[in-house]
Amino acid sequence: AQSVAQPEDQVNVAEGNPLTVKCTYSVSGNPYLFWYVQYPNRGLQFLLKYITGDNLVKGSYGFEAEFNKSQTSFHLKKPSALVSDSALYFCAVRDVHYSSGATNKLIFGTGTLLAVQP
Amino acid sequence: NAGVTQTPKFRVLKTGQSMTLLCAQDMNHEYMYWYRQDPGMGLRLIHYSVGEGTTAKGEVPDGYNVSRLKKQNFLLGLESAAPSQTSVYFCASSYPGTGTLPQYFGPGTRLLVL
């Protein structure tokens, strides 16, 4: 079965320090991986994706993610955290078990709350 | 563009009542989705649609029905609400594809069932 795991419910980091939010996946075939961010009382916003190619993917707001096939991981990173980065972050993977055709369905992790202290 | 909008933003229901959540998108997306978000469980897909007039079940469809009569609208219905349906509901939409394209989310509807 396909799945995505976010092992940390919460990550705390001081402003200006680098941050990492972890994600591991389990899929059959090539993974299509996504990161989304949810600010308080808002919907999810797309940050970045890995489909193929360079293992380091750059996205919005200075975030990047590193795809590691051998470790089946797709960790989200930022060199210098901002207080405004505090939010809930979701990792997601394409769901390949669709009966017919393409659906763009996603399987989401449980989310990691990032708290950046000033 | 308004993007994806959801109506209402918040609702309180009594057990057994019915209601319809409306999702509208102005991006001409073919695909639309309804999710529920519960603490510690992430987002779970309720139903989805790959085009006007089509719907399909997701991961947690029981107790919900949907309709996609117009391309821009996707309705989620609760025929007889239960406390277990207390949640935050998100609608999303995307262009058609094979999983390479992101979904765009609405702001959510908070539903409390007493």
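As shown above, the structure is provided for reference.
Note that the structure is predicted; figures quoted are calculated from it, not measured.

K.L.:
Could you give an account of the interface of chain B and chain A, naming the residues involved and the relevant values?
P.N.:
Contacts between the two partners involve 26 residues from chain B and, on the opposite side, 22 residues from chain A. Both faces considered, chain B and chain A share a buried interface measuring about 1,900 Å² in area, 54% of it formed by carbon and sulfur atoms. At the boundary of chain B with chain A, the tally comes to 4 residue pairs in polar contact (both at pLDDT 80 or more). Going through the elements one at a time, β4 (31-38), β5 (42-49) and β9 (87-94) of chain B are the ones with two or more residues in the side of chain B that touches chain A.

K.L.:
Explain the packing of aromatic side chains to me, and be specific about the residues and the numbers.
P.N.:
Counting across every chain of the model gives 15 aromatic pairs over all chains. An angle of 35 degrees between the planes, with centres 5.6 Å apart, marks the rings of Y35 of chain B and F105 of chain B as tilted. In this pair, Y35 of chain B is assigned in strand β4 and F105 of chain B in strand β10 (residues 104-105), connecting sequence segments 70 residues apart. On the basis of relative accessibility, which here comes to 0%, the residue Y35 of chain B falls in the buried class. With a relative accessible area of 11%, F105 of chain B lands in the buried category. On the numbers, 5.8 Å between centres and 65 degrees between planes, the contact of Y64 of chain B with Y89 of chain B is edge-to-face. Residue Y64 of chain B is found in the loop between β6 (56-57) and β7 (65-67), and its partner Y89 of chain B is found in strand β9; the two are separated by 25 residues along the sequence. By way of ring pairs, the aromatic residues F34, Y36, F46, F90 and F108 of chain A together with Y33, Y35 and F105 of chain B are connected into one cluster. Lying over the aromatic face of Y32 of chain A, R94 of chain A brings its terminal NZ or CZ to 3.9 Å of the ring centre.

K.L.:
Give a description of the pattern of salt bridges that names residues and reports values.
P.N.:
All names here are of chain A. One pass over the full model with this rule turns up 7 salt bridges over all chains. Note that K78 and D85 form a salt bridge whose closest N and O atoms lie 2.8 Å from each other. The exposure classification of K78 matches that of D85, with both residues buried. For D95, the salt bridge goes to K105, with nearest N and O atoms at 3.7 Å.

K.L.:
Go over the state of the cysteines with me, naming the residues and quoting the values.
P.N.:
What the rule picks out here adds up to 2 disulfides over all chains. Covalent S-S linkage joins C23 of chain A and C91 of chain A, the inter-sulfur distance amounting to 2.0 Å. On the sign convention where negative is left-handed, the bridge of C23 of chain A and C91 of chain A, at about -65 degrees about the S-S bond, is left-handed. Linking C23 of chain A in the loop between β3 (19-21) and β4 (24-26) with C91 of chain A in strand β10 (residues 87-94), this pair joins segments that are 68 residues apart in sequence. Relative accessible area serves as the criterion here: at 0%, C23 of chain A is assigned to the buried category. Between the sulfur of C23 of chain B and that of C91 of chain B lies a disulfide, 1.9 Å long from S to S.

Parameters and conventions
- Residues numbered from 1 in each chain as written.
- Chains lettered and ligands numbered in written order.
- Predicted model: local features only at pLDDT ≥ 70, side-chain atom pairs only at ≥ 80, totals over all residues.
- Heavy atoms only, no water.
- Contact = heavy atoms within 4.5 Å.
- Buried area = accessible area lost by both parts, 1.4 Å probe.
- Polar contact = N/O pair within 3.5 Å; in protein donor to acceptor, adjacent residues only side chain to side chain.
- Helix = DSSP H or I, 4+ residues; strand = E, 2+ residues; numbered from the N terminus.
- Phe/Tyr/Trp six-rings, centres within 6.5 Å; stacked < 30°, edge-to-face > 60°.
- Buried < 20%, exposed > 50% of the residue type's maximum accessible area, 1.4 Å probe, protein only.
- Lys NZ or Arg CZ within 6 Å of the ring centre and 35° of its normal.
- Salt bridge = Lys/Arg side-chain N within 4 Å of Asp/Glu carboxyl O.
- Disulfide = S-S within 2.5 Å.

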